[in-house]
Each structure stands twice: as structure tokens, then as C-alpha cells.
Amino acid sequence: MLELRKLSVGDGKDVYQMLQDIPLEENGLQNNVNGLTYEAYQDWLVKKQQESELDGIVDGWKVPATTYWLYADGVPVGFGKLRHFLTDALRKAGGHIGYGIAPQYRGKGYGKELLKLLLRKADEMGIDKVLVTIHLDNRASLAVALANGGAIAEQTDERFLVWINTRQA
């Protein structure tokens, strides 16, 4: 059974360990928990919870974003981040949604399901169309986005810009 859970400041060692398994940077996805101590991770949870409650742009660039964990049969297997809106810069690199699956759980369809659930969350927030930016060499993520109804709107020297209608998720 798959379940999407919103980040909580009380999230424990199971999530912490999953985040240690996902590389610090991979295909443009930043996992800033990789390498942190457990205590620093707990502080990070508080910061991320606060980021989800922001209103408007902070520090000239930061937008509100909510982090979610994907659980499979009670075990965290991946995470996703949903930005509440985009700036001009995020329309070129970053997009609304970023997601990652721990290496030991890849190739099992979890990425596709995680994105589908994040699209539903976006729809619930009133976002009717989301942008996912994908590095050119990340064919697995491109396949996930296309399988969820994505359409490549643009290709730059570095990435695909894929728009997905949240109503079809």
C-alpha cells in the first residue's frame, strides 16, 4: 500500500535513514539532509515545516514549498517537494515539483506513483498545471513525467521543461 505523508517535525529515524540513502545531488535534485547528523536533520524538519507556511517570496527568491514522504507498506521509499508557485527563475530550472526515490527502491514504479500523488496535492492547492524540469540525461524521470500526462514544452541545453495538467492525475 502506498501513502503520501506530509513532512512533520516529529518525523523519525526511518525518514532520516531514507534521506541518507538518497545522494546529496543527483540529476539536479538536492537532498540537503544527506550527510547531516540526526540532530541537524531534526532542525531541518522544523525549517522545512516553516517553509511550507510561508506567504509570498522570501529573501528575493524562496517560495513556499511543502515536502512529502512516499511510504510503501509503512516504509519510506522516497520524497517529493511541491512549490506553491513559481518565480521566473523556477520556470527555467526547478519547476513546481522535485522528487526522488531511494536507490534500493528504484525500478518498482514508485517514482510514477509519487509524482501522481504530488499532482493530486497540487490540484488540491488550486494549481491546475505544474512544471517539472528534468536534466537531459535523466531518462527515468522523463518517462515518469510523460507517464503522468506530461508534455515536453521546451528543451534547453541542460533540461526538459515538462508541463502536466493536474486534473488528469
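Description of the structure in this document. Sequence order as written defines the numbering, with residues in each chain counted from 1. With the structure being a predicted model, the display of local features is reserved for residues of pLDDT at least 70 and the display and counting of side-chain atom pairs for 80 or more, all residues being used for whole-chain, interface and lining totals. Processing note: side-chain calculations cover all non-hydrogen atoms of the structure and skip hydrogens and water entirely.

### Brief notes about the sheet that holds strand β4 (residues 65–72)
So, step 1. Any two strands with at least two DSSP bridges between them are considered paired. Numbered from the N terminus, helices here are DSSP runs of H or I no shorter than four residues, and strands are runs of E no shorter than two. Taken in spatial order, the 4 strands make up an open sheet running β1-β4-β5-β6, and their pairing is antiparallel. A strand with exactly one partner marks an edge of an open sheet, and here the two such strands are β1 (2–6) and β6 (97–101). In this sheet, neighbouring strand axes are inclined to one another by 20° on average, regardless of whether the strands run parallel or antiparallel.
So, step 2. Pairing between β4 and strand β5 (residues 75–83): 8 bridges, direction antiparallel. Within β5, the residue paired with L70 across the bridge is G78.
So, step 3. The sheet strands contacting helix α2 (residues 38–52) are β4 and β5, and the helix crosses β4 at an angle near 120°. Here the axes come from fitting lines to C-alpha atoms, over the contacting stretch only for helices, and the angles between their N-to-C directions go from 0 to 180 degrees. Residue contacts are counted whenever heavy atoms from the two residues lie within 4.5 Å of one another.

### Quick word on the packing of helix α1 (residues 13–21) against α2
So, step 1. Contact geometry for α1 and α2: axes closest at 11 Å, N-to-C directions at 100°. Here α2 runs roughly perpendicular to α1, going by the angle between their axes. Every residue of α2 that contacts α1 at K13, V15, Y16 and L19 is listed here: Y38, Y41 and W44.
So, step 2. Across the contact of α1 with α2, the residue classes tally to 6 nonpolar, no polar and 1 charged. Geometric relationships in this document are graded by angle, where less than 35 degrees denotes roughly parallel, more than 145 denotes roughly antiparallel, 65 to 115 denotes roughly perpendicular, and other angles denote oblique. Following the grouping adopted for this structure description, the nonpolar residues are Ala, Val, Leu, Ile, Met, Phe, Trp, Tyr, Cys and Pro, the charged ones are Asp, Glu, Lys and Arg, and the polar ones are all others, Gly among them.

### Quick word on the packing of aromatic side chains
So, step 1. Planes of paired rings set the category: under 30 degrees apart is stacked, over 60 is edge-to-face and the rest tilted, where pairs are Phe, Tyr or Trp rings (Trp by its six-membered ring) whose centres lie within 6.5 Å. Per the stated rule, a full pass over the model turns up 6 aromatic pairs.
So, step 2. Ring geometry for Y16 against Y38: centres 5.3 Å apart, planes inclined by 90°, an arrangement best described as edge-to-face. Of the two residues, Y16 is situated in helix α1 and Y38 in helix α2; the sequence distance between them amounts to 22 residues. Each of the two residues, Y16 as well as Y38, counts as buried.
So, step 3. Ring geometry for Y38 against Y41: centres 5.4 Å apart, planes inclined by 40°, an arrangement best described as tilted. Taken as a pair, Y38 and Y41 lie in helix α2 at a separation of 3 residues, close to a single helical turn.
So, step 4. Three exposure classes are used, based on accessible area relative to the maximum for each residue type with a 1.4 Å probe and protein chains only: buried under 20%, partly exposed in between, and exposed over 50%. Its relative accessible area of 0% is what places Y41 among the buried residues.
So, step 5. The residue whose ring lies beneath R5 is Y71, and the NZ or CZ to ring-centre distance is 3.6 Å.
So, step 6. A ring has a charge above it when a Lys NZ or an Arg CZ is no more than 6 Å from the ring centre and no more than 35 degrees off the ring normal. The ring of W163 carries K129 above its face, with NZ or CZ at 5.3 Å from the centroid.

### Things to note about the packing of helix α4 (residues 110–124) against helix α5 (residues 139–147)
So, step 1. The N-to-C vectors of α4 and α5 enclose an angle of 50°; their axes lie 9 Å apart at closest approach. In terms of orientation, α4 lies oblique with respect to α5. α5 is crossed by α4, and the crossing has right-handed handedness. Here G111, K112 and L115 of α4 come into contact with α5, specifically with V144, A145 and A147.
So, step 2. Among the residues forming the contact of α4 with α5, the class breakdown is 4 nonpolar, 1 polar and 1 charged. Helix crossings are classified by the rotation of the near helix relative to the far one: an anticlockwise turn of less than a right angle makes the crossing left-handed, while a clockwise turn makes it right-handed.

### Topic: unusual backbone geometry
So, step 1. Phi angles above zero are rare outside glycine, and N27 is one such case at about 55°.
So, step 2. Taking relative accessible area as the criterion, N27 reaches 33% and is therefore assigned partly exposed.
So, step 3. With a phi close to 50°, D73 is a non-glycine residue in the positive phi region.
So, step 4. Tracing the backbone through its elements, the reader meets D73 in the loop between β4 and β5.

### Details of the sheet that holds strand β8 (residues 151–155)
So, step 1. Ordered by their spatial adjacency, 3 strands build an open sheet running β7-β9-β8, and the pairing between neighbours is antiparallel. Taken across any chain shown, the strands that pair with only one partner, and hence form the sheet edges, are β7 (129–135) and β8. Each neighbouring strand pair of the sheet contributes to a mean axis angle of 30°, computed without reference to strand direction.
So, step 2. Lying over the sheet, α5 contacts β7, β8 and β9 (159–165), oriented at roughly 20° with respect to β9.

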